[in-house]
Amino acid sequence: MLLEVRNLHVHYQKVAALKGISLQVPSGGIVTIIGANGAGKSTTLRSISGLARPSGGEIHFEGERIDTMPAEKIVARGIAHVPEGRRIFPDLTVEENLRIGAFLRKDTAKIERDIEDIFERFPRLKERRTQWARTLSGGEQQMVAIGRALMSGPKLLLLDEPSMGLSPVMVQEMARIVSDIAETGVPVVLVEQNAGLALRLASYAYVLEIGTVAVEGAATDLKTNDHVRRAYLGA
Ligand code: ATP
């Protein structure tokens, strides 16, 4: 396994956000974490990338324990996190935002090639490479956030609700982008409230309910699971 989360507990002051979750991410494809508001999905990603400190349990990446490392070391190990709400730099251009993603890298020639790869992957960004990021649409800003994460040359990409607030057409475009990233060799952990979309894209899924894993299994199985259908797929 590329990533293993074992019996993870996270508290915010006295509130338990995660109460002993375990999950595994193989070295290819998409694993999704679905669940209602406040179930602990974002907290799970924040723990993996070192932004939230576990109060118990362990996280291993490529066999190495990472839950005690500072966030910048975890980035350097190859985990890139696109947080909810994107957090791009509004007063920098599209291209400047992308270059920030490469701040830990020294391979300048490869950085230039990767920038061009990103523009090939996101033609909308290429047309707007010198435009202020704040002038982009929500979907374009999400592309910048994902592109910036890819510029770190990650071995694993954590995506927190990439479809949030996007138009139906842009949601489909984002789905295509996420599938494409996984197919071209970067495994993805996808957090989504849109369970239908997530189960369509992922091969394996975890359903979080108030800080615990309520159900897990192959995405195709969860699509026909009665509880999942009633609670998350509006059946
Ligand atoms: P959402 O989709 O609404 O972000 P989520 O499944 O990602 O939901 P989390 O954001 O991980 O859930 O939150 C899990 C629990 O932890 C919630 O009860 C939330 O109120 C609480 N929580 C999250 N961040 C903090 C914080 N910084 N301080 C205190 N409590 C927090």
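Residues numbered from 1 in each chain as written. Predicted model: local features only at pLDDT ≥ 70, side-chain atom pairs only at ≥ 80, totals over all residues. Heavy atoms only, no water.

### Some thoughts on the UniProt feature "domain: ABC transporter" (unreviewed entry) in the protein chain
- Cross-referencing UniProt, the feature "domain: ABC transporter" (unreviewed entry) maps to residues 3-235 in the present numbering.
- Helix and strand shares over residues 3-235 are 38% and 27% respectively, and the end C-alpha atoms of the span are 32 Å apart. (UniProt positions renumbered as here; feature names shortened; annotations may be inferred. Helix = DSSP H or I, 4+ residues; strand = E, 2+ residues; numbered from the N terminus.)

### A look at the sheet that holds strand 3 (residues 30-35)
- Strands sit in the order 6-7-8-3-9-10 across an open sheet of six strands; the sheet is mixed. Strands with a single pairing partner mark the edges of an open sheet, and in this sheet they are strand 6 (79-82) and strand 10 (212-218). Recorded for the sheet is a direction-independent mean angle of 15° between the axes of neighbouring strands.
- As defined by bridge partners, strand 3 adjoins strand 9 (residues 204-209) across five bridges and the pair is classed as parallel. Paired with Val31 across the two strands is Tyr204, which belongs to strand 9.
- Packing against the sheet, helix 1 (residues 41-48) makes contact with strand 3, strand 6, strand 7 (156-160), strand 8 (188-192) and strand 9, and its axis sits at approximately 150° to strand 7.
- Each of strand 6 and strand 7 touches helix 6 (residues 138-150); the most contacted strand, strand 6, lies at about 170° to it. (Pairing = 2+ DSSP bridges. Axes fitted to C-alpha atoms, helices over the stretch in contact; angles between N-to-C directions. Contact = heavy atoms within 4.5 Å.)

### Regarding a nonpolar patch on the surface
- Taken together, the side chains of Phe89, Ile100, Phe103 and Leu104 make up a nonpolar region of the molecular surface, amounting to roughly 380 Å² of accessible area.
- Inspection of the secondary structure assignment puts Leu104 in the loop between helix 3 (94-100) and helix 4 (108-121). (Patch = residues over 30% accessible without salt bridge, like charges linked within 9 Å, V, L, I, M, F, W, Y side chains within 5 Å. Areas by Shrake-Rupley, 256 points an atom, 1.4 Å probe, with all protein chains shown as cover. Salt bridge = Lys/Arg side-chain N within 4 Å of Asp/Glu carboxyl O.)

### Looking at helix 7 (residues 168-183)
- When the terminal C-alpha atoms of helix 7 are compared, their 23 Å separation across 16 residues agrees well with the 22 Å that a helix rising 1.5 Å per residue should span.
- Along helix 7, the positions that sit buried rather than exposed are Met170, Val171, Met174, Ala175, Ile177, Val178, Ile181 and Ala182. Along the axis of helix 7, the buried residues cluster in a sector spanning 165°; they form a single face. Turned more than 90 degrees away from the buried face of helix 7 sit Pro168, Val169 and Glu183, all of them exposed.
- One or two positions beyond helix 7, positive phi appears at Gly185, with a value near 110°. (Expected span 1.5 Å × (residues − 1). Buried < 20%, exposed > 50% of the residue type's maximum accessible area, 1.4 Å probe, protein only. Arc of directions from axis to C-beta.)

### Regarding the site of the ligand
- Inspection of the region around the ligand gives 13 residues, with Asn37, Gly38, Lys41, Ser42 and Thr43 positioned closest.
- Between the ligand and Ser42, the relevant distance is 2.7 Å, taken from an oxygen atom to a main-chain nitrogen or oxygen of the residue.
- In the model, an oxygen atom of the ligand is placed 2.5 Å from a nitrogen or oxygen of the Thr43 side chain.
- Compared with its free state, where it exposes 630 Å², the ligand has 62% of that area covered by protein.
- Tallying contributions element by element places helix 1 first for the shell around the ligand, with three residues.
- Residue composition of the shell around the ligand, grouped by class: four nonpolar, six polar and three charged. (Near = heavy atom within 4 Å. Polar contact = N/O pair within 3.5 Å; in protein donor to acceptor, adjacent residues only side chain to side chain. Nonpolar A, V, L, I, M, F, W, Y, C, P; charged D, E, K, R; others polar.)

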